[in-house]
Amino acid sequence: MLAGKRILLIIAGGIAAYKSLDLIRRLRERGAGVRCILTRSGAEFVTPLAVASLSEEKVYQELFSLTDESEMGHIRLSREADLVVVAPATADLLGKMAAGLADDLASTALLATDKPVLVAPTMNVMMWAHPAVQANVALLAARGVRRVGPGSGELACGEVGSGRMAEPLQIVAAIEDFFAEAAGSRPLTGRRAIVTSGPTREPIDPVRYIANRSSGKQGHAVAAALAAAGAETVLVSGPTAEPDPPGATVVSVETAREMLAACRTALPADILVCAAAVVDWRPAEVAAGKLKKDGSTPSLHLVENPDILATLARSAERPALVVGFAAETSDVVAYARAKLARKNCDWILANDVSPATGTFGGDHNTVHLVAADRVEDWPRMTKRQVADRLAARIAEHFRN
Ligand code: CTP
């Protein structure tokens with residue numbers, strides 16, 4: 001979506017400027033061109049060399065630079081972009097934008113641009129709450145300036161509250177949202193989706209559990225893709241190291257039974273994608289205290305967990321489109337067909353998880369989309385691409 005897009009990134013002076021280096025990298029990874037303006041105070045936090053190396057472009061710093069002005073005037077700089085992003089956007093720069101001041105290259109470019117602007121504010125919690133800042137932000141919003149964040153949490157100044165700059169991936173998502181909206185490409189707008197992801201953990205006692213190696217990468221990517229396509233997405237996930245997918249509401253659970261209950265709470269939905277690796281059996285009894293070594297070897301009595309996919313696919317509130325995953329190590333498509341019927345789903349994305357494929361925990365996946373009437377063999381691609389293709393197929397399904 002960002003391939004070939006041109007972004008003018010203005011880096012102002014906040015401690016979060018270091019995250020802007022990561023933002024440049026993330027945007028470049030997605031094929032966007034990034035040209036940067038670094039303010040004088042921004043250069044106190046990150047070096048022009050780091051910005052230039054990551055963006056692979058000259059960094060613009062001075063309004064009154066003869067060489068810059070002869071090569072590329074500030075007017076052209078501000079217009080030769082598809083989107084202007086200000087990250088971090090400081091209280092000072094937001095104030096200048098609101099007041100229409102232009103005393104340096106960043107503020108001048110912001111005044112001279114005819115392109116949409118997205119700001120990612122960051123500042124101390126009291127500064128953010130100050131009526132002056134809030135009035136500026138409201139004024140900018142009324143003028144159509146888009147905003148991502150700030151989030152709350154621990155701030156660099158040691159205080160806790162609202163004022164943290166949005167994480168680079170959240171800013172990327174906001175940028176993607178902008179381009180998707182611009183292209184009118186949010187085909188799942190108005191649809192509701194539930195996605196399960198990650199492993200479950202089934203407790204044995206207060207310190208031990210049964211789980212599996214699922215990383216949650218595929219399920220989280222599906223939630224991100226559906227949210228990006230405009231679906232109101234609830235991600236019900238077991239414990240993973242994956243960041244929350246931008247745009248999705250995340251419900252964190254541990255056990256299979258909690259996952260099922262959370263899915264039920266999230267109903268009704270149009271779309272259900274079960275990508276979680278649910279632990280099939282749980283200990284029948286959970287010991288109240290930690291099991292101690294007493295010379296004997298304890299045995300676990302296991303009982304079957306509910307099948308979340310099958311339960312919801314057979315319920316009265318069945319979403320219109322139900323998609324399961326099948327992790328197989330042989331006869332992938334044949335087993336997937338059987339699973340499709342057994343679990344009453346519409347599609348199964350079947351993947352080969354034999355150790356040689358590196359699918360578990362890896363970034364790639366080779367899947368087959370198995371429906372009652374067709375099988376599509378997808379080439380090996382990243383889990384993110386699998387998610388995007390699935391979201392595209394889902395959008396086609398609802399269009400027809
Ligand atoms: N699934 C589920 N709840 C379970 C078990 C599985 O929702 N208790 C879902 C998974 O999220 C996946 C699909 O069912 O979408 C297939 O899971 P898989 O582990 O491949 O199949 P199983 O049903 O466990 O069958 P088998 O182990 O015999 O292949």
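Participant: Now, about the overall build of the protein chain: what can you tell me, with residues and values included?
Facilitator: Helices and strands together make up the secondary structure of the protein chain, namely 14 helices and 22 strands. When its C-alpha atoms are laid out on the principal axes, the protein chain stretches across 75 × 55 × 40 Å. The buried share of the protein chain, reckoned over its 400 residues, is 48%. Considering only contacts in the protein chain between residues 6 or more positions apart, those separated by 24 or more positions represent 68%. Averaging the positions of the 44 positive and the 45 negative side-chain charges in the protein chain gives two centres separated by 2 Å.

Participant: Residues and numbers for the pattern of salt bridges, please.
Facilitator: As enumerated under the stated definition, the model contains 31 salt bridges in all. Residue aspartate 104 is joined to lysine 96 by a salt bridge in which the shortest nitrogen-to-oxygen separation is 3.7 Å. Taken together, the shared-partner salt bridges in this structure form one network comprising Asp22, Arg25, Arg26, Glu29, Arg30, Glu176 and Arg384.

Participant: With reference to specific residues and values, describe the side chain of threonine 233.
Facilitator: Topologically, threonine 233 is positioned in strand β12 (residues 232-237). By relative accessible area, which is 2% here, threonine 233 ends up buried. In this structure the side chain of threonine 233 is engaged in a polar contact, spanning 3.0 Å, whose partner is the backbone oxygen of alanine 231. Residues in contact with threonine 233, not counting those within four places in the same chain, are Ala193, Val195, Ala223, Leu226, Ala227, Ala248 and Thr249.

Participant: Talk me through the site of the ligand; I want residue IDs and the actual numbers.
Facilitator: In the neighbourhood of the ligand, 15 residues make up the surrounding shell, with Cys274, Ala276, Phe325, Lys339 and Lys343 lying closest. Between an oxygen atom of the ligand and a main-chain N or O atom of cysteine 274, the distance comes to 2.6 Å. Isolated, the ligand exposes 580 Å² of accessible area, and the fraction of that covered by the protein chains is 76%. For the shell around the ligand, the per-class residue count stands at nine nonpolar, one polar and five charged.

Participant: Give a detailed account of the domain arrangement of the protein chain, specifying residues and quantitative values.
Facilitator: As assigned here, the protein chain comprises domain 1 (6-181) and domain 2 (186-287 + 299-399). Computed over C-alpha atoms, the centres of domain 1 and domain 2 are 37 Å apart. Facing seven residues of domain 1, the contacting portion of domain 2 comprises five residues. The junction of domain 1 with domain 2 conceals about 470 Å² of combined surface from both sides, 55% of it contributed by carbon and sulfur atoms. Summed over the shared surface of domain 1 and domain 2, the result is two salt bridges. One salt bridge in this structure joins arginine 186 and aspartate 177, with 3.1 Å as the shortest N-O distance.

Participant: Please set out a nonpolar patch on the surface residue by residue, giving values where relevant.
Facilitator: A grouping of Ile15, Tyr18 and Phe45 is seen on the molecular surface, where their side chains present a nonpolar patch of about 330 Å² in accessible area. Mapped onto the elements of the fold, phenylalanine 45 is located in the loop between β2 (33-38) and α2 (48-55).

Participant: An account of the environment of arginine 143 is needed here, citing residue identities and associated values.
Facilitator: Here arginine 143 lies in the loop between α8 (131-142) and β6 (146-147). Along the sequence, arginine 143 and serine 107 sit 36 residues apart, while their C-alpha atoms lie 16 Å from each other. Setting aside anything within four residues of it in sequence, one finds arginine 143 in contact with Met97 and Ala98. A polar contact of 3.4 Å, which involves the side chain of arginine 143, links it to the backbone oxygen of methionine 97. In terms of polar contacts, arginine 143 uses its side chain to reach the backbone carbonyl oxygen of alanine 98, at 3.1 Å.

Participant: Any details on helix α6 (residues 105-112)? Residues and values, ideally.
Facilitator: Taking burial as the measure, the eight residues of α6 include seven buried ones, the bulk of the element. Taken as a whole, α6 has its buried residues at Leu105, Ala106, Ser107, Thr108, Ala109, Leu110 and Ala112.

Participant: How would you sum up the sheet that holds strand β1 (residues 6-11)? Please name residues and give values.
Facilitator: Across the sheet, which stays open at both edges, the six strands sit in the order β3-β2-β1-β4-β5-β6 with parallel pairing between neighbours. Looking at the sheet topology across the chains shown, the edges are occupied by β3 (59-60) and β6. Across four bridges, β1 lies against strand β4 (residues 83-89) in parallel orientation. The residue bridging leucine 9 from the neighbouring strand is valine 85, located in β4.

Participant: Which residues make up the packing of aromatic side chains, and what values go with them?
Facilitator: Counting across every chain of the model gives one aromatic pair. Note on phenylalanine 178 and phenylalanine 179: the rings are 4.9 Å apart at their centroids and 70° apart in plane angle, and the pair reads as edge-to-face. Of the two residues, phenylalanine 178 and phenylalanine 179, neither departs from the other in class, the shared state being buried. Positioned above the aromatic ring of tyrosine 60, the side-chain terminus of lysine 58 is 5.4 Å from the ring centre. The residue whose ring lies beneath arginine 389 is tryptophan 378, and the NZ or CZ to ring-centre distance is 5.4 Å.

Participant: I'd love a proper account of the packing of helix α1 (residues 17-29) against α2, names of residues and values included.
Facilitator: Relative orientation of the contacting elements α1 and α2 amounts to 10°, with a least axis distance of 9 Å. As the angle between them shows, α1 and α2 are arranged roughly parallel. Facing α1, whose interface residues are Leu21, Ile24, Arg25 and Arg28, α2 presents Ala50, Val51, Leu54 and Ser55. Residues of the contact of α1 with α2, tallied by class, amount to five nonpolar, one polar and two charged.

Each value, and the rule that gives it
- Residues numbered from 1 in each chain as written.
- Predicted model: local features only at pLDDT ≥ 70, side-chain atom pairs only at ≥ 80, totals over all residues.
- Heavy atoms only, no water.
- Helix = DSSP H or I, 4+ residues; strand = E, 2+ residues; numbered from the N terminus.
- Buried < 20%, exposed > 50% of the residue type's maximum accessible area, 1.4 Å probe, protein only.
- Contact = heavy atoms within 4.5 Å.
- Lys, Arg positive; Asp, Glu negative; His and termini not counted.
- Charge placed at Lys NZ, Arg CZ, Asp CG, Glu CD.
- Salt bridge = Lys/Arg side-chain N within 4 Å of Asp/Glu carboxyl O.
- Polar contact = N/O pair within 3.5 Å; in protein donor to acceptor, adjacent residues only side chain to side chain.
- Near = heavy atom within 4 Å.
- Areas by Shrake-Rupley, 256 points an atom, 1.4 Å probe, with all protein chains shown as cover.
- Nonpolar A, V, L, I, M, F, W, Y, C, P; charged D, E, K, R; others polar.
- Domains from an automatic or database assignment.
- Buried area = accessible area lost by both parts, 1.4 Å probe.
- Patch = residues over 30% accessible without salt bridge, like charges linked within 9 Å, V, L, I, M, F, W, Y side chains within 5 Å.
- Pairing = 2+ DSSP bridges.
- Phe/Tyr/Trp six-rings, centres within 6.5 Å; stacked < 30°, edge-to-face > 60°.
- Lys NZ or Arg CZ within 6 Å of the ring centre and 35° of its normal.
- Axes fitted to C-alpha atoms, helices over the stretch in contact; angles between N-to-C directions.
- Parallel < 35°, antiparallel > 145°, perpendicular 65-115°, else oblique.

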